[in-house]
Amino acid sequence: MLQVEHLSKSFGGLLAIDDLSLTVEKGQFVGILGANGAGKTTLLNLITGYLKPSSGSIVFEGKPIDGLAPYRVARTGIARTFQVVQPFNEMSVLDNVIAGALFSKPDQRLPLKQVREFCMEPLRLVGLDRQASQSAGALTLGAKKKLEFARALATQPRLLLLDEVMGGLNHAEIEDIKQVLSGIHQGGTSILMIEHVVQALIELSDYVYVVNFGRELTRGRPHDVIHDENVIEAYLGKPLDLPHA
Ligand code: ATP
């Protein structure tokens, strides 16, 4: 579905992404681990058109997308969330989702009633349907993250890119978000997730890449990756004590 090949991005003398290759198969849930500054957000910015690669290629469903503007990438069927959630606070939860849906399909002319019904579906999926008419600014951080998923899902993506959606959440909120992400994945959306909450990433992902200084350190099945000595040394610091790991 997504093929990133020999991707590099430099900022002046700093090589933030260095000859990185990865793939996401249709239906896969792929996780990316890496220390602060490893280049993870830069990778998402390259895939979604916020940055142009210095070299390498990005192909989505057989078509090159590197160098496309963000709104054009969004219209190919890729949606993303951002590390810092910024809903339109004064608008209702539902209107935030409607804004996302209309942005992605400006040519589609549907009666507003139909758009509202259509946008209730992602809110149901993330469990925010009962707060649809509440103002977005009044939501908790966990609920704002879910609103970010709903907004992305309203664009009907086939691939969803998640940038540290669990940062700043408490244990209960993380468990809740895990359930929501599982549901989105089981609904047929492929997912590429960057996350520092290692346990959640390991539990959700089918396959994991570990990035260090913009380069691939290793890749593999989640439980193999977290036992890799290089990963323990460069990222985890010590072996993880995970149930069934
Ligand atoms: P974190 O986990 O802290 O979010 P990250 O793995 O997402 O980190 P990036 O934000 O991709 O890391 O940054 C990778 C490197 O590129 C860092 O050294 C960062 O300072 C640098 N960098 C990122 N964006 C820019 C930019 N626009 N201009 C210059 N340097 C940048």
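Please refer to the structure placed before this passage.
The structure displayed is predicted, hence computed values, not measured ones.

(A) Representation of the overall build of the chain in the model. Looking only at helices and strands, the chain features nine helices and 10 strands. Computed over its C-alpha atoms, the radius of gyration of the chain comes to 18 Å, within 12% of the 18 Å expected for a compact globule of 245 residues. Once the C-alpha set of the chain is aligned to its principal axes, its extents read approximately 55 × 40 × 30 Å. Counting only residues that meet the buried cut, the chain has 49% of its 245 residues in that class. Restricting to contacts in the chain with at least 6 residues of sequence separation, those with at least 24 account for 65%. Carbon and sulfur atoms make up 50% of the accessible area of the chain, which amounts to about 11,900 Å² in all.

(B) Up close: the sheet that holds strand β7 (residues 159-163). Reading across from one edge, β6-β7-β8-β3-β9-β10 is the order of the six strands in this open sheet, with mixed pairing throughout. The sheet terminates laterally at β6 (78-80) and β10 (215-220), the two strands that pair on one side only. Taken over all neighbouring pairs, the strand axes of this sheet differ in orientation by 20° on average, direction set aside. In terms of strand pairing, β6 meets β7 through three bridges, oriented parallel. In the strand pairing of β7, Arg 80 is matched with Leu 161. Where helix α9 (residues 229-236) meets the sheet, its contacts fall on β3 (29-34), β9 (207-212) and β10, and the angle it forms with β10 comes to roughly 130°.

(C) Quick look at the pairing of β7. When you tally the buried positions in β7, you get five out of five residues, the bulk of the element. The two faces of β7 match: Leu 159, Leu 161 and Asp 163 on one face and Leu 160 and Leu 162 on the other face are all buried. Considered for its hand, the β-α-β crossover made up of β7, helix α6 (residues 171-186) and strand β8 (residues 190-194) is right-handed.

(D) A look at the pairing of strand β2 (residues 14-24). Pairing between strand β1 (residues 2-11) and β2: seven bridges, direction antiparallel. Residue Leu 2 lies in a different strand from β2, and its bridge partner there is Val 24. Here β1 folds back onto β2 in antiparallel fashion, the turn holding two residues, of which Gly 12 has a positive phi close to 60°.

(E) Focus on the environment of Leu 7. With respect to the helices and strands, Leu 7 occurs in strand β1. Those residues in contact with Leu 7 that lie beyond four places of it in its chain are Ile 17, Asp 18, Asp 19, Leu 20, Leu 43, Leu 46, Pro 53, Ser 55, Gly 56, Ser 57 and Ile 58.

(F) The environment of Gln 83, seen in detail. Mapping Gln 83 onto the fold places it in the loop between β6 and α3 (93-104). By relative accessible area, Gln 83 is classed as partly exposed at 35%. C-alpha of Gln 83 to C-alpha of Arg 130: the two residues are 47 residues apart in sequence and 25 Å apart in space. Residues within four places of Gln 83 in sequence aside, it is in contact with Thr 41, Lys 145, Asp 163 and Glu 164.

(G) Broad picture of unusual backbone geometry. A positive phi angle is found at Asp 19, which is not glycine, with a value near 55°. Inspection of the secondary structure puts Asp 19 in strand β2. Assessed through its relative accessible area of 36%, Asp 19 is described here as partly exposed. In this structure, Gln 156 takes a positive phi of about 50° despite not being glycine.

(H) Up close: the pattern of salt bridges. Here the structure, examined in full by the defined rule, presents 11 salt bridges. Between Arg 116 and Asp 95 there is a salt bridge; the shortest N-O distance is 3.8 Å. Taken together, the residues span a long stretch of sequence, with Arg 116 in helix α4 (residues 112-126) and Asp 95 in helix α3 at a distance of 21 residues. Judged by its relative accessible area of 37%, Arg 116 falls in the partly exposed class. A single network of salt bridges, built from pairs that share partners, joins Glu 175, Lys 178 and Glu 203.

About the cut-offs
Residues numbered from 1 in each chain as written. Predicted model: local features only at pLDDT ≥ 70, side-chain atom pairs only at ≥ 80, totals over all residues. Heavy atoms only, no water. Helix = DSSP H or I, 4+ residues; strand = E, 2+ residues; numbered from the N terminus. Rg over C-alpha atoms; globule rule 2.2 N^0.38 Å. Buried < 20%, exposed > 50% of the residue type's maximum accessible area, 1.4 Å probe, protein only. Contact = heavy atoms within 4.5 Å. Areas by Shrake-Rupley, 256 points an atom, 1.4 Å probe, with all protein chains shown as cover. Pairing = 2+ DSSP bridges. Axes fitted to C-alpha atoms, helices over the stretch in contact; angles between N-to-C directions. Right-handed = clockwise from strand over helix to strand, strands pointing away. Salt bridge = Lys/Arg side-chain N within 4 Å of Asp/Glu carboxyl O.

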